[in-house]
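For reference, the chains in residue letters:
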Amino acid sequence: MGPIDYVVVEFPGNRMTGEGFPILVDLVDRGLIRVLDLLFVRKDEDGSVAGLEIADLTGDGALDLAVFEGASSGLLGEDDIEEAGKALKPGNSAGILVYENVWAAPFATALRRGGAQLVASGRIPVPAVLAALDDTEAG
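Only a predicted model underlies this, so the values are computations on that prediction, with no experimental measurement involved. (Residues numbered from 1 in each chain as written. Predicted model: local features only at pLDDT ≥ 70, side-chain atom pairs only at ≥ 80, totals over all residues. Heavy atoms only, no water.)

Caption draft 1: Up close: the pairing of strand E3 (residues 49-52). Pairing between strand E2 (residues 34-43) and E3: four bridges, direction antiparallel. If you follow Arg-42 over to E3, its bridge partner there is Ala-50. (Pairing = 2+ DSSP bridges. Helix = DSSP H or I, 4+ residues; strand = E, 2+ residues; numbered from the N terminus.)

Caption draft 2: Up close: the pattern of salt bridges. Evaluation of the coordinates by the stated rule reveals five salt bridges. Its salt-bridge partner being Arg-42, residue Asp-44 comes within 2.9 Å of it at the nearest N-O pair. A residue is classified by how much of its surface remains accessible, and Arg-42, at 28% relative accessible area, is partly exposed. Across the pair Lys-86 and Glu-83 runs a salt bridge, and its minimum N-O distance is 3.6 Å. Residue Lys-86 and its partner Glu-83 are both found in helix H2 (residues 78-87); the two are separated by three residues, about one turn of the helix. Exposure remark for Lys-86: the relative accessible area of 62% places this residue in the exposed category. (Salt bridge = Lys/Arg side-chain N within 4 Å of Asp/Glu carboxyl O. Buried < 20%, exposed > 50% of the residue type's maximum accessible area, 1.4 Å probe, protein only.)

Caption draft 3: Spotlight on the nonpolar core. In terms of nonpolar packing, the biggest core is built from 11 residues, these being Phe-11, Met-16, Phe-21, Leu-24, Ile-33, Val-35, Leu-38, Phe-40, Leu-52, Leu-97 and Tyr-99. Those elements that place two or more of their residues in this core are helix H1 (21-29), E2 and strand E4 (93-100). Among the elements that line this core, the one with the most residues is E2, at three residues. (Core = buried A, V, L, I, M, F, W, Y, C linked by side-chain atoms within 4.5 Å.)

Caption draft 4: Main features of a negative patch on the surface. Together, Glu-78, Asp-79, Asp-80 and Glu-82 line one region of the surface with negative charge. Within the secondary structure, Asp-80 sits in helix H2. (Patch = residues over 30% accessible without salt bridge, like charges linked within 9 Å, V, L, I, M, F, W, Y side chains within 5 Å. Areas by Shrake-Rupley, 256 points an atom, 1.4 Å probe, with all protein chains shown as cover. Lys, Arg positive; Asp, Glu negative; His and termini not counted. Charge placed at Lys NZ, Arg CZ, Asp CG, Glu CD.)

Set out below in C-alpha cells:
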C-alpha cells in the first residue's frame, strides 16, 4: 500500500463548481491515486457542521458525481468531520478527501523488503515553496 494523505478543501459561500472533479477522476483512472474517502461538509452561519450527500452538491446536472458515491473506507469518523468544521468559516462548505498514493506503493514495498522504515514525512505548503523560489531568484 502507498502512503495515505488527506486534504480538506474549503468552498467559500458553498460554491462548488466541480472544476476539480474531472482531474480527480483522471488521477484515479491513471492509477496514481485511489480514493479511500470523499465526504462533503457544510458549516452553517450558527457554527453547526453537517455532512452533505454527494448528489446534493451542484443540483444542476452539469457534472455526474456518481463515480464518487460510496467512496467510504471508514477512515473518516464524526470527530474528523467536526475537526474539518473547525477549519471552515461559517457559510462555507468543504470536501474531505482521503487517498492512497498508489504510484508510491511499489517503491514503499521495495524499501520495506530491504528493511527500511519511514521515520518522517511531511508536506511543504505551496506558498512556502513559491516564496523560497522568489527569494532565490531575488538573491
